[in-house]
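Chain residues, written in single-letter form:
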Amino acid sequence: MNRRDLLKALVALPVVAGGLSGQPVTPAPAGLALVKAPRLAPGDTVAVIAPASGLKPDAFDRALQKLTGLGFKPKVGRYARGQRGLFSGTEAERLHDLHWAFTDPEVRGVWCVRGGDGAPRLLPDIDYALIRKNPKVFVGYSDITALHLALLQNSSLVTFHGPVASSSFSDYARESVLAVLTQPTATYVNAVSADHRAKSSPLFKTEVITPGRARGRLVGGNLTVLSALAGTPWALREPAGKILFLEDIDEQPYRVDRMLTQLRQSLDLRALAGIALGVFEGCIATDDKPSPPLIEVLRERLGDLGVPVIYGLSFGHVRDQFTLPLGISAELDTASATVKFLEAA
């Protein structure tokens, strides 16, 4: 994701949501029950959309082959193959495909083909009531974090932070996403992948920042996106008792420090139940901008919150990533370095 352009995209978000429609969004009423989509089954049709950036034709074709290899039938949105500068299409085109995917009766799941840039631009004009009435599995990560958070907080829909269609789908990632999306087991346990444990890079080393065990509802995603949404109508709200999961890529430690500071100053992070950090691949200091190692920044910014915090779990911009359902109850255990689901997603 080209994160420098994310803030430019967010400039388009008004203080009171209006956007294309000019109508403010109606948030989900307080206490509204979570909505869970029917689980997927082999042979189900999944819509493939590009709500952020686009893909070149050959890469798009490979993404469709990967979904077919998972056992699903991809159905491509009208504008999903587009390329328009940073984005796959105009806001109107990308909104069309998002709404189509949730209303097409043949479609059982909605899979984002990639992240990139531009998803936050759609937030003011999503029909959240329509999506709540037509719950479907929704999968993606990176810039798609903006949509996950908006659908959870305004439609009360459980969505899935997992591989985009163009991801590599290692055996580990494939097993996780299929287990979460297709199997009825509630108490699925996500452990650090053997490949990550074997890597020599310190960025793949699991580090307990504050030990402990925490239970709460999962919420989170990409750190850059979450920090950029702070102060807008689409920001993370009501963090109390939740497990916040965060990941990022190619951000120097000083920028990670800045974004975590922004979250600390816009949210009561001490009210969280716990924090799970994925692999922050590529987040190293450069010679022109020296700074402490990433783990020192994370310890300094998160170690005083009084809640369990662990770094290096297997999710984020990495091949081996487990799938996390936003909104469900889970247990974070720093001793075993696991996230255990306490209910089916």
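Just so you know, these numbers come straight off a predicted model, no measurement behind them.

**Student:** Help me understand the packing of helix α9 (residues 253-266) against helix α10 (residues 294-302) in this model?
**Tutor:** A pair of packed helices can be characterised by two numbers: the angle between their axes and the separation between those axes. Between α9 and α10, the shortest axis-to-axis distance is 9 Å and the interhelical angle comes to 15°. With respect to α10, the element α9 is oriented roughly parallel. As for the relative orientation of α9 and α10, their crossing is right-handed in sense. Along its contact with α9, which presents P253, V256, D257, L260, T261 and R264, the element α10 presents L294, V297, L298, E300, R301 and L302. Grouping the constituent residues of the contact of α9 with α10 by class yields 7 nonpolar, 1 polar and 4 charged.

**Student:** Whenever I open this one, the sheet that holds strand β8 (residues 213-222) confuses me. Can you help?
**Tutor:** Hydrogen bonds between backbone groups are what pair the strands of a sheet, and the pairing can be parallel or antiparallel. If you walk across this open sheet you meet the 8 strands as β6-β14-β13-β8-β9-β10-β11-β7, and the pairing is mixed. The open sheet has two edge strands, β6 (189-191) and β7 (207-210), and neither has a second partner. Averaged over all pairs of adjacent strands, the angle between strand axes in this sheet comes to 30°, irrespective of strand direction. Contacts between α10 and the sheet are confined to β7, β10 (274-277) and β11 (309-311), with β7 contributing the most and set at about 20° to the helix.

**Student:** Teacher, can you tell me more about the nonpolar core here?
**Tutor:** Considering soluble globular proteins, one finds that nonpolar side chains tend to be buried as a cluster. Ranked by size, the top nonpolar core spans 107 residues in total, and within it W111, F138, L277 and L313 carry the most contacts. With 6 residues, helix α5 (residues 145-155) is the single largest residue contributor to this core. If we skip the residues at most four places from it in the chain, L277 touches I209, L246, L298, L302, V309, I310, Y311, G312, L313 and F315.

**Student:** Even after reading the chapter, I still don't get the packing of aromatic side chains, so can you show me in this structure?
**Tutor:** The description of an aromatic ring pair uses the distance of the two centres, along with the angle that the planes make with each other. Per the stated rule, a full pass over the model turns up 8 aromatic pairs. On the numbers, 6.1 Å between centres and 35° between planes, the contact of Y188 with F341 is tilted. Taken together, the positions of Y188 in the loop between α6 (171-182) and β6 and F341 in strand β14 (residues 338-341) put the pair 153 residues apart, joining distant regions of the chain. In this structure, Y188 and F341 share a single accessibility class: buried. With a centroid separation of 5.9 Å and 55° between ring planes, the pair formed by F280 and Y311 is classed as tilted. Within this pair, whereas F280 is found in the loop between β10 and α10, its partner Y311 is found in strand β11, the two being separated by 31 residues in sequence. Each member of the pair, F280 as well as Y311, is classed as buried. Of the aromatic side chains, those joined through ring pairs into one cluster are F72, W111 and F169.

About the cut-offs
- Residues numbered from 1 in each chain as written.
- Predicted model: local features only at pLDDT ≥ 70, side-chain atom pairs only at ≥ 80, totals over all residues.
- Heavy atoms only, no water.
- Axes fitted to C-alpha atoms, helices over the stretch in contact; angles between N-to-C directions.
- Helix = DSSP H or I, 4+ residues; strand = E, 2+ residues; numbered from the N terminus.
- Parallel < 35°, antiparallel > 145°, perpendicular 65-115°, else oblique.
- Left-handed = near helix turned anticlockwise from the far one by under 90°.
- Contact = heavy atoms within 4.5 Å.
- Nonpolar A, V, L, I, M, F, W, Y, C, P; charged D, E, K, R; others polar.
- Pairing = 2+ DSSP bridges.
- Core = buried A, V, L, I, M, F, W, Y, C linked by side-chain atoms within 4.5 Å.
- Buried < 20%, exposed > 50% of the residue type's maximum accessible area, 1.4 Å probe, protein only.
- Phe/Tyr/Trp six-rings, centres within 6.5 Å; stacked < 30°, edge-to-face > 60°.

Functional significance is not addressed by these values, which are geometric in nature.
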